[in-house]
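# Results of the structural survey
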Amino acid sequence: EVQLVESGGGLVQPGGSLRLSCSASGFTSAAYAIGWYRQAPGKQREGLACVSSRGNSGAYYSDSVKGRFTISIDDAKKTVFLQMNSLKPEDTATYYCASEVDSYVCSTMDYWGKGTLVIVSS
């Protein structure tokens, strides 16, 4: 069974940067996609970015993070990163990674990590 573990969350000042990691294990197919999501208190879960085992080209970004966040994949290590720059207080949330197997797109995600907390505050 696929397992996902997020790391890299913490406290950062507005305008600062943070890099999250998602380490995956248990894939039995070469085709998979991994996406980053977040959920803030009182808000719906929001999709942020998606990348597949095809590589870093063709990555997807939501409008809320486009131009500030960058997703990247190291397929050999089965690890996906989310580089977050120009952070704003409204970016404060628990960040999750999720995977979809036998697929190159993020739609119905099959597995989820437990999340890592990001707090943007001065």
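First, a word on scope: everything that follows refers to the structure included in this document. Only a predicted model underlies this, so the values are computations on that prediction, with no experimental measurement involved.

### Remarks on the pattern of salt bridges
- Enumeration over the complete set of coordinates arrives at 5 salt bridges.
- Measuring nitrogen to oxygen at the nearest pair gives 3.0 Å for the salt bridge that ties E46 to R38.
- One salt bridge connects D91 with R38, and the closest N-O pair in it is separated by 2.8 Å. With a gap of 53 residues between them, D91 in the loop between β8 (79-84) and β9 (93-101) and R38 in strand β4 (residues 32-39) connect regions that are remote in the sequence.
- Note on R38: relative accessible area 8%, which makes it buried.

### Digging into the pairing of strand β3 (residues 18-25)
- For strand β1 (residues 3-7) and β3, the ladder comprises 5 bridges, and the chain directions are antiparallel. Paired with Q3 across the bridge in β3 is S25.
- Pairing analysis gives 6 bridges linking β3 to β8, with the strands arranged antiparallel. If you follow S21 over to β8, its bridge partner there is F81.

### Digging into the sheet that holds β1
- Judged by pairing direction, the sheet is antiparallel, and its 4 strands sit side by side in the order β1-β3-β8-β7 without closing on themselves. Pairing within the sheet leaves two strands with one partner each, and these edge strands are β1 and β7 (69-74). Looking at each pair of strands side by side, their axes are set apart by 15° on average, direction ignored.

### Quick notes on the state of the cysteines
- With the rule as written, the count across this model stands at 2 disulfides.
- Between C22 and C97 runs a disulfide, and the two sulfur atoms are separated by 2.1 Å. Residues C22 and C97 share a disulfide whose torsion about the S-S bond is about 70°; that sign makes it right-handed. On the criterion of sequence distance, the pair formed by C22 in strand β3 and C97 in strand β9 is long-range, its members being 75 residues apart. We note that C22, like C97, is buried.
- With its sulfur 2.0 Å from that of its partner, C50 forms a disulfide with C106. Linking C50 and C106, the disulfide has an S-S dihedral of approximately 85° and is accordingly described as right-handed. On the criterion of sequence distance, the pair formed by C50 in strand β5 (residues 46-52) and C106 in the loop between β9 and β10 (111-112) is long-range, its members being 56 residues apart.
- Judged by relative accessible area, C50 falls into the buried class, the value being 8%.

### So, a nonpolar patch on the surface
- A cluster of nonpolar side chains, L11, L117 and I119, forms an exposed patch at the surface whose accessible area comes to about 290 Å².
- Structurally, I119 can be placed in strand β11 (residues 116-120).
- For I119, a relative accessible area of 35% gives the class partly exposed.

### What to know about unusual backbone geometry
- In the Ramachandran plot, K78 falls in the positive-phi region, its phi being about 55° despite a non-glycine side chain.
- By the secondary structure assignment, K78 is in the loop between β7 and β8.
- By relative accessible area, which is 25% here, K78 ends up partly exposed.
- Of note in this structure, D102 is not a glycine but carries a positive phi near 55°.
- For D102, the position within the fold is in the loop between β9 and β10.

Each value, and the rule that gives it
- Residues numbered from 1 in each chain as written.
- Predicted model: local features only at pLDDT ≥ 70, side-chain atom pairs only at ≥ 80, totals over all residues.
- Heavy atoms only, no water.
- Salt bridge = Lys/Arg side-chain N within 4 Å of Asp/Glu carboxyl O.
- Helix = DSSP H or I, 4+ residues; strand = E, 2+ residues; numbered from the N terminus.
- Buried < 20%, exposed > 50% of the residue type's maximum accessible area, 1.4 Å probe, protein only.
- Pairing = 2+ DSSP bridges.
- Axes fitted to C-alpha atoms, helices over the stretch in contact; angles between N-to-C directions.
- Disulfide = S-S within 2.5 Å.
- Patch = residues over 30% accessible without salt bridge, like charges linked within 9 Å, V, L, I, M, F, W, Y side chains within 5 Å.
- Areas by Shrake-Rupley, 256 points an atom, 1.4 Å probe, with all protein chains shown as cover.

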